6 protein chains.
Amino acid sequence: MSKIDNAVEQILESYQKYGGINLDEAANFPNRQNVINVLQDIQSLIFPGYRVDESLDSMTLKFVTGARVNRIVGMLTREIKKALFFIVRDDAVEQSHCFNLAEQASIALIEEIPEIRRKIGLDVQAAFAGDPAAKSNEEVIVSYPGLEAISVYRVAHFLCKSGVPVIPRIMSEYAHGKTGIDINPGATIGESFFIDHGTGVVIGESCVIGNNVKIYQGVTLGALSVKKELMDKKRHPTIEDNVTIYANATILGGETIIGKGSVIGGNTWVTKSVPAGSLLTQEASK
Amino acid sequence: MSKIDNAVEQILESYQKYGGINLDEAANFPNRQNVINVLQDIQSLIFPGYRVDESLDSMTLKFVTGARVNRIVGMLTREIKKALFFIVRDDAVEQSHCFNLAEQASIALIEEIPEIRRKIGLDVQAAFAGDPAAKSNEEVIVSYPGLEAISVYRVAHFLCKSGVPVIPRIMSEYAHGKTGIDINPGATIGESFFIDHGTGVVIGESCVIGNNVKIYQGVTLGALSVKKELMDKKRHPTIEDNVTIYANATILGGETIIGKGSVIGGNTWVTKSVPAGSLLTQEASK
Amino acid sequence: MSKIDNAVEQILESYQKYGGINLDEAANFPNRQNVINVLQDIQSLIFPGYRVDESLDSMTLKFVTGARVNRIVGMLTREIKKALFFIVRDDAVEQSHCFNLAEQASIALIEEIPEIRRKIGLDVQAAFAGDPAAKSNEEVIVSYPGLEAISVYRVAHFLCKSGVPVIPRIMSEYAHGKTGIDINPGATIGESFFIDHGTGVVIGESCVIGNNVKIYQGVTLGALSVKKELMDKKRHPTIEDNVTIYANATILGGETIIGKGSVIGGNTWVTKSVPAGSLLTQEASK
Amino acid sequence: MSKIDNAVEQILESYQKYGGINLDEAANFPNRQNVINVLQDIQSLIFPGYRVDESLDSMTLKFVTGARVNRIVGMLTREIKKALFFIVRDDAVEQSHCFNLAEQASIALIEEIPEIRRKIGLDVQAAFAGDPAAKSNEEVIVSYPGLEAISVYRVAHFLCKSGVPVIPRIMSEYAHGKTGIDINPGATIGESFFIDHGTGVVIGESCVIGNNVKIYQGVTLGALSVKKELMDKKRHPTIEDNVTIYANATILGGETIIGKGSVIGGNTWVTKSVPAGSLLTQEASK
Amino acid sequence: MSKIDNAVEQILESYQKYGGINLDEAANFPNRQNVINVLQDIQSLIFPGYRVDESLDSMTLKFVTGARVNRIVGMLTREIKKALFFIVRDDAVEQSHCFNLAEQASIALIEEIPEIRRKIGLDVQAAFAGDPAAKSNEEVIVSYPGLEAISVYRVAHFLCKSGVPVIPRIMSEYAHGKTGIDINPGATIGESFFIDHGTGVVIGESCVIGNNVKIYQGVTLGALSVKKELMDKKRHPTIEDNVTIYANATILGGETIIGKGSVIGGNTWVTKSVPAGSLLTQEASK
Amino acid sequence: MSKIDNAVEQILESYQKYGGINLDEAANFPNRQNVINVLQDIQSLIFPGYRVDESLDSMTLKFVTGARVNRIVGMLTREIKKALFFIVRDDAVEQSHCFNLAEQASIALIEEIPEIRRKIGLDVQAAFAGDPAAKSNEEVIVSYPGLEAISVYRVAHFLCKSGVPVIPRIMSEYAHGKTGIDINPGATIGESFFIDHGTGVVIGESCVIGNNVKIYQGVTLGALSVKKELMDKKRHPTIEDNVTIYANATILGGETIIGKGSVIGGNTWVTKSVPAGSLLTQEASK
């Protein structure tokens, strides 16, 4: 038993020694599982009636919704407050603002839900229209990973714009883990966006994507260079309205613009802008 | 508190306004979680003895199996009936057939289980034979994502052929989420199929794949064009027996045939047929 | 009901007939869920304080740690013993060693935890330094899939070197399923390793990776040929210190060496060694 | 297997044959588990801060409370509606009122919570004052079965007075099962009521109990005769203010009045009224 | 830490030293939780439609029932086999019979379910008729502890008569814990039995109770003397048809017979037989 | 919705107004559910091998035990510290001792486990010897409520003697709720104690009970008078060695001594001492 005993001692010492990977009592930091729980509650608010035990019955829907909204605001406020405290740390003046900011951000998200629902409604229609295999909106909602990634993005992006740290990223990585689609919550994405299959898609923080854009699995919208100094610059491409990008295309660079209505073929490698209406293709292998 | 109150009202109104993403009481639609529960039960029927609390003991195996089969048929019938009702909607004559069809399809699946097990047995052997790292069948079953995706496909494909809507897709997207491998349940896949690593693989609805085919991560077997009008046409390639396709190859088009025994190198881009015994490669980058 | 009854009989018969995919009572084999439970416990040991209900309080931390270490050793010993028994099967002499070996391997892992924590601490710093978007170590720990894959690798690799069969593979496939990053536990990886985005990354069994290496999504470090005879040969490339490999690059072959400080561009295809300081790029598509 | 098959058939037939103990699809009836879940939520509303994961923090208390109140009203309305439907059955006019009545009764309970809390506050003080062993109000709340039974009674009694069928009884039997104290929700009980130990206490439907009454384990306040015809008569005793009733005393009959300030000794058998200030005792055994 | 270490050693030693309260690996003994799980499944078989997620729908009821019956037989067989093995221990010949006996007893119980349901139907009616407060059979089923105790008794008694050891006792103590009513599974109880309130009721192993008997809380039907030698003798009273026994009456002795139609008043103490039609009462205290 | 909104406001105000029944953030108080979790862990330490998933296997028992002991000490220390803080409140000097006292008390309990196991071993034997129906020690352990109450008492009593507030009471009320047996943790009880059936038993705080005592359901060992002033006096009876007390007997008063070897009949009422070897009985009713 003394080997065990000794190992425990060593581990306790290592907690003193290798500090950066412990979460201290003193520090505030959002809890991953709590954030995911809130997100799932928000998803049920956006898509009412899909839970096993719940339907849109006229009788209790208002109470179910009232309960859900209060629960979301309560939980989210607590996590956002921790995220803000973590940044201001010992600054007592700043700390005093954190709670109000957290509550405001949570309520603002709830107030935005109808607008988020409107946009996601268009995304669902885009998926339905864009995939010959889709038979109904309901099928898209329960089974399309692209839609899951986009709807989480729309929530995370709103929080991001409200100045909420870390939490939008936890949300987008949750969706990344489930779908293989990695959309940075900072990206700007227009309406009626559709991602098909989706595994391996990466959309960078300073991407700007127009309306009615359609992309396939493995597409990277990335940076040409990854240097710290560029942190606040636009490093990722702009995709204008009505563009389609086929599987595994790679489009890089902050000044790269894919003009309206262009079609980017699969497996292409694009580091320069192309004018509206372009058609880029990959030659076949030999 | 009145902000919350107001936000709840707005959300309730948005439920009236943005209809396509609610699930109405009146409508019948399969519940995603229920479908996944049935699928996991079917997986335990296919691979007996792998659950923590269960072994193949001669004493109670028949009752465990009997319970499982009855539970699967009961749950699956209910979900299929909802899927069928969702389509026929107000047509009372059609509605009257839904329950019988649902029950028949569920029982047919159960009757097919021995045949599905035979095929999956061959897939396990193909994985064992095809991967130098595989040490036993059991290792393949508990840890290979390719096998998980293929075994879910074999179940979903059978339901698909029985005319069950939506549910096969929910099943295949569940496997897609877990493995990164996206096999459309409509695809036709022969025996002894092996997918290694698998992340990013996409196999389209009208693909036809022969026996003893081996494919690696990131392979797309897709369509050249994605138009609604082509919905019922063969849009995806045919892969004949004994073909190997290496990582990230992209093979597109409904008339593209990869002849028997061909080897398609990694990162290749193929949009035309190749004869039996071909070897396609990608040139190295400079 | 008799159709059901008959189907159950057929399934029971199929359990006799298609043997390779049942798990027999007689056989010992690690249970997947148990292994994952142990792994999650080890993750909490490595990153203390991140669970909802737990903080690094000076009062009870030693008991929480003591409990966790004992639980891990108990559970892991049992699973390793099963893994070893599965191999020696009927050899009674060998069987007699299995328990001691299992206990030794479990305790050795626990003794290694401080060293594993030291290395993972460097990986966290590498992620923080390498990604302009990273705001804190804590953010990296709770949301970066690359870090999750690497930290599971470091645990699985240690068990692998201790001669523990199957269990390291179950661990790495668990991480693969969650992150889309597939690192074979046999690979040799240096310090300060960073994988960004990560979906689709594959790192083969005999890869050797130096210090301060950075790779992006979709990178394959694979074998040129996959033949059984090569099972014990070095089949996968060597990546020297300070190399960066951009998205979707494919580097193949056991004799391929990427020299120190090289930068491998996205979408490149590399099957031969390149000297230190090389810069490989993909030309843009037209 | 055919024995099993046959037994299932027999059981299915018995579902047709022995009707009174099935719950039909057509019938509405409150679900026991749902009612208990609502009750536990109400208990958390009454005693805030006692849940593991929850404290009275000024920041989120209003949202936690808002969520809880909405959830209670939603769930309770649904169960009450079922209870009312069960009674009116096929009467369509009456059915149309059920939902409104259910909602009104649920909201009325919520509006009563502050008053219920005031009364339970007095009950807690009575327990603290009446038991030499009680060290704090908090101890009474977390550990006294008498308080649990009384607080459930106060909720169930309010619903009972609002005309809610069946549900108050399910609540009181839940408390009976946990504490061994059986208080009919129809009983009328004054303020500052204390039950010590409590196992075996029975308080009948038409009991009237004044203020500051204290009773011990095994006390029965029952009926002399149990005939259907007496269903709407006062069948149970009246206990005036400041009475103490010791263990296992039995007091029976609707006209029996225990006058103010009386002390009823343990094991006594009382079927007639006693004037204020009486002292009844049991002689010792020989 | 060494105090903890030492304490663990002491506890491990105490496992060697104080043997009678460990459960050895070698020994077979039914697991309490498993037995309770089976019992709850049996209760759902007896009262179909009462679970939250389940109704008597004509479509899937047969499969739900088929699944439940198979699960019960499988689980119960395993537990009964352990109970039998525990008794025969090292006798290999006897051991060989245990499995068959266990399976037979489980199947016999399932075959008895329709008859048990018939009897419990009568018990429900007796409760409805005997309690002025009962409004419906459904109310009796979801809320009367007396009915819960009696229905568990009817199951446990059948197993007891089939020679199943220990398990009936675990079942009856489970009901005792929930209701405060302690009915020995060996007792013989006629039809239409009703227990009101019930806390503190004790019914001994060799009691014989006729039809239409009604008893209240705190009634003991016990033995006059508790000596080992009397183990197989009738030690508990006989209660003939149509007898009513009021609260806290104590009736003792194997030769004590309460004649048909008698009424035994509350708090009485009876150790001798009384003829049919007797009325026994307790005098009031002074 | 505004009724709901208003009700929430009223409830929030009531949290300000009726203070004594809230649990404040500032206050420390043990959490009931946490205490019960620790207690159940202690029960598994006392009776090893009875959990579904656990056996006394020589391989992992030491680690399972080590994990359990550490977990118990960690959780119990935290709850005891809260219980002590609650008492000292704002006294900073006293606060500084609380943690050490909490840890000491937790470790002392663990060190006492072997002795507690020795005593409980005797209690099991007493139950086996005293009940003709008991077939094995194992049956007593899994199904006798008397044993559950006594074993919880032995743990709670030790904590009580160590000066731990509140927690012993939460433990004993947990056992009371499960068994109907209410043993105050302050009572002094000798070895080989047996309670049969048990519902309704009450054993007061200053009771002193010798060795080999046997009591039946409904027995009260209580106080004659319940005044606050007597709080620290001996208010409950002394029961000497080898006494048997039959069902529903009531023995009251701090100076009442039941002499060695006496037999107290059922339903008796005793308020004075009786000499050794007495036999008290209740006359039969007429």
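Keep in mind it's a predicted model, so treat the numbers as computed, not measured. (Residues numbered from 1 in each chain as written. Chains lettered and ligands numbered in written order. Predicted model: local features only at pLDDT ≥ 70, side-chain atom pairs only at ≥ 80, totals over all residues. Heavy atoms only, no water.)

J.: Which residues make up the overall build of chain A, and what values do they have?
T.: When you go through chain A residue by residue, the secondary structure sums to seven helices and 14 strands. In terms of its C-alpha atoms, chain A occupies a principal-axis envelope of roughly 65 × 55 × 50 Å. Buried positions account for 64% of the 286 residues belonging to chain A. In chain A, the proportion of contacts linking residues at least 24 apart, taken out of those at least 6 apart, comes to 47%. Carbon together with sulfur atoms contributes 50% to the accessible area of chain A, which is approximately 10,300 Å² in total. Computed over 28 positive and 33 negative side-chain charges, the separation of the two mean positions in chain A equals 3 Å. (Helix = DSSP H or I, 4+ residues; strand = E, 2+ residues; numbered from the N terminus. Buried < 20%, exposed > 50% of the residue type's maximum accessible area, 1.4 Å probe, protein only. Contact = heavy atoms within 4.5 Å. Areas by Shrake-Rupley, 256 points an atom, 1.4 Å probe, with all protein chains shown as cover. Lys, Arg positive; Asp, Glu negative; His and termini not counted. Charge placed at Lys NZ, Arg CZ, Asp CG, Glu CD.)

J.: A description of the interface of chain C and chain F should follow, citing residues and the corresponding values.
T.: Counting residues at the interface gives 17 residues for chain C and 17 residues for chain F. Applying the counting criterion to the chain C and chain F interface returns two salt bridges. Between F:Lys62 and C:Glu103 there is a salt bridge, with the nearest N and O atoms lying 3.3 Å from each other. Our count for the chain C to chain F interface comes out at two residue pairs in polar contact (both at pLDDT 80 or more). Broken down by secondary-structure element, the contributors of at least two residues to the side of chain C that touches chain F are α3 (61–88) and α4 (92–130) of chain C. Each residue belonging to the side of chain C that touches chain F can be placed in one class, and the counts come to six nonpolar, five polar and six charged. (Salt bridge = Lys/Arg side-chain N within 4 Å of Asp/Glu carboxyl O. Polar contact = N/O pair within 3.5 Å; in protein donor to acceptor, adjacent residues only side chain to side chain. Nonpolar A, V, L, I, M, F, W, Y, C, P; charged D, E, K, R; others polar.)

J.: Could you give me a rundown of the relation of the copies chain C and chain F, with the residues and numbers involved?
T.: Overlaying chain C on chain F yields an RMSD of 0.0 Å, the required transformation being a rotation through 180° with an accompanying axial translation of 0.1 Å. What the superposition gives is, in effect, a two-fold axis relating one chain to the other. Among all residues of chain C, the one whose C-alpha sits closest to the rotation axis is C:Ala67, at a distance of 1.9 Å. A share of 100% of the interface residues of chain C reappears at the interface of chain F, consistent with the copies meeting face to face through the same patch. (Least-squares fit on C-alpha atoms with pLDDT ≥ 70 in both.)

J.: Pulling in residues and values, what's your account of the sheet that holds strand β2 (residues 188–189) of chain D?
T.: Residue and element names in this part refer to chain D. Strand order in the open sheet formed by four strands is β2-β5-β8-β11, and the pairing between neighbours is parallel. This sheet does not close on itself; its edge strands, each paired only once, are β2 and β11 (257–258). Sheet topology note: the β2/strand β5 (residues 208–209) ladder contains two bridges and is parallel. Across the sheet, residue Thr 188 finds its bridge partner in β5, namely Val 208. (Pairing = 2+ DSSP bridges.)

J.: Requested: an account of the side chain of F:Lys214, with residues and values cited.
T.: All names here are of chain F. Position of Lys 214 relative to the elements: it lies in strand β6 (residues 214–216). Here Lys 214 sits buried without a salt bridge, and the closest side chain of opposite charge, Asp 196, lies 7.7 Å off (N-O distance). Residues within four places of Lys 214 in sequence aside, it is in contact with Gly 130, Phe 194, Val 243, Thr 244 and Ile 245.

J.: Let's hear about the interface of chain C and chain A: which residues, and what values?
T.: Taken together, the contacts link 60 residues of chain C with 51 residues of chain A. Contact between chain C and chain A buries roughly 4,600 Å² in total, counting both sides, with carbon and sulfur atoms accounting for 61%. The tally of links from chain C across to chain A stands at one salt bridge. In terms of residue count, the dominant contributor to the side of chain C that touches chain A is α4(C) (12 residues). Split by residue class, the side of chain C that touches chain A holds 26 nonpolar, 21 polar and 13 charged. (Buried area = accessible area lost by both parts, 1.4 Å probe.)

J.: Account for the environment of C:Asp232, naming residues and giving values.
T.: Residue and element names in this part refer to chain C. By the secondary structure assignment, Asp 232 is in the loop between β7 (220–222) and β8 (238–239). On the accessibility criterion, Asp 232 (75% relative accessible area) is exposed. Between the C-alpha atoms of Asp 232 and Ile 181, which are 51 residues apart in sequence, the distance is 23 Å.

J.: Just give me the short version of the relation of the copies chain C and chain A, but keep the residues and values in it.
T.: Here the second copy of the chain follows from the first by a rotation about an axis and a shift along it. Superposing chain C onto chain A takes a rotation of 120° plus a shift of 0.0 Å along the axis, which leaves an RMSD of 0.0 Å. Accordingly, the operation relating the two chain copies is best matched by a three-fold axis. In this assembly, only 8% of the residues forming the interface of chain C have copies in chain A that are likewise at the interface, indicating a heterologous arrangement.

J.: If you had to explain helix α4 (residues 92–130) of chain E to someone new, which residues and values would you point to?
T.: Spanning 39 residues, α4(E) covers 52 Å between terminal C-alpha atoms, matching the ideal 57 Å at 1.5 Å per step. Along its length, α4(E) shows its largest kink, about 45°, at E:Ile113, and proline E:Pro114 lies within four residues downstream of that point. (Expected span 1.5 Å × (residues − 1). Bend = angle between axes of the 7 residues up to and from the residue.)

J.: Can you break down the state of the cysteines residue by residue, with the values?
T.: Summed over all chains, the structure comprises zero disulfides over all chains. Of all cysteine sulfurs in the structure, the one in B:Cys160 sits closest to B:Cys98, which takes part in no disulfide; the separation is 17 Å. There is no disulfide at C:Cys207, and the cysteine sulfur nearest it, in C:Cys160, is 14 Å away. Accessibility expressed as a relative area gives 1% for C:Cys207, which makes it buried. (Disulfide = S-S within 2.5 Å.)

J.: Give me the pattern of salt bridges: which residues, what numbers.
T.: Residues and elements named next belong to chain B. Counted under the stated rule, the structure contains 69 salt bridges over all chains. Between Glu 205 and Arg 235 there is a salt bridge; the shortest N-O distance is 2.8 Å. In this pair, Glu 205 is assigned in the loop between β4 (202–203) and β5 (208–209) and Arg 235 in the loop between β7 (220–222) and β8 (238–239), connecting sequence segments 30 residues apart. Assessed through its relative accessible area of 10%, Arg 235 is described here as buried.

J.: An account of the packing of helix α2 (residues 32–46) of chain E against helix α7 (residues 167–179) of chain E is requested, with residue identities and associated values reported.
T.: In helix packing, the relevant descriptors are the interaxial angle and the interaxial distance, both defined with respect to the helix axes. All names here are of chain E. Axis separation between α2 and α7 bottoms out at 10 Å; the angle between their running directions is 75°. As far as their axial angle goes, α7 and α2 are roughly perpendicular. Here α2 contributes Arg 32, Val 35, Ile 36, Leu 39, Gln 40 and Ile 42 to the contact with α7, which in turn contributes Ile 167, Ile 170, Met 171 and Tyr 174. In terms of residue class, the contact of α2 with α7 is built from eight nonpolar, one polar and one charged. (Axes fitted to C-alpha atoms, helices over the stretch in contact; angles between N-to-C directions. Parallel < 35°, antiparallel > 145°, perpendicular 65-115°, else oblique.)

J.: Go over the domain arrangement of chain A, please, and point to the residues and values.
T.: In terms of domains, chain A is made up of domain 1 (26–180) and domain 2 (200–286). For domain 1 of chain A versus domain 2 of chain A, the distance between C-alpha centres works out to 27 Å. (Domains from an automatic or database assignment.)

J.: How would you explain the sheet that holds strand β11 (residues 257–258) of chain E if you had to name every residue and give the values?
T.: Remark on secondary structure: sheet strands pair via backbone hydrogen bonds, oriented parallel or antiparallel. Taken in spatial order, the four strands line up as β2-β5-β8-β11 (chain E) in an open sheet, and their pairing is parallel. Lying at the two open borders of the sheet, with one neighbouring strand each, are β2 (188–189) and β11 of chain E.

J.: Let's hear about the confidence of the model for chain A: which residues, and what values?
T.: Across chain A, pLDDT averages 91, with 93% of residues at or above 70. Scoring the predicted complex yields pTM 0.94 and, for the interface, ipTM 0.93. (pLDDT = per-residue confidence, 0-100.)

J.: Which residues make up unusual backbone geometry, and what are the values?
T.: Residues and elements named next belong to chain A. At Asn 267, a residue that is not glycine, the phi angle is positive and equals roughly 60°. Along the chain, Asn 267 falls in the loop between β12 (263–264) and β13 (269–270). Since its relative accessible area comes to 9%, Asn 267 is described here as buried.

J.: I'd like a description of the packing of aromatic side chains, backed by residues and values.
T.: Think of a pair of aromatic rings as described by two things: how far the centres are apart, and how the planes are tilted against each other in angle. In this structure the tally under the stated criterion is 18 aromatic pairs over all chains. For the ring pair B:Phe29 and B:Phe86, a centre distance of 4.8 Å and an interplane angle of 75° mean the geometry is edge-to-face. Placement of the pair is B:Phe29 in the loop between α1 (2–17) and α2 (32–46) and B:Phe86 in helix α3 (residues 61–88), with a sequence separation of 57 residues. Across the pair, exposure class does not vary: B:Phe29 and B:Phe86 are buried alike. The cationic tip of A:Lys81 hangs over the ring face of A:Phe85; the distance from NZ or CZ to the ring centre is 5.0 Å. (Phe/Tyr/Trp six-rings, centres within 6.5 Å; stacked < 30°, edge-to-face > 60°. Lys NZ or Arg CZ within 6 Å of the ring centre and 35° of its normal.)

J.: Run through the side chain of F:Asp131, naming residues and quoting values.
T.: Note that F:Asp131 resides in the loop between α4 (92–130) and α5 (137–143). For the buried residue F:Asp131, which engages in no salt bridge, the nearest side chain bearing the opposite charge is E:Arg169, 4.0 Å off. Within polar-contact distance, the side chain of F:Asp131 engages the side chain of F:Tyr144 at 2.6 Å.

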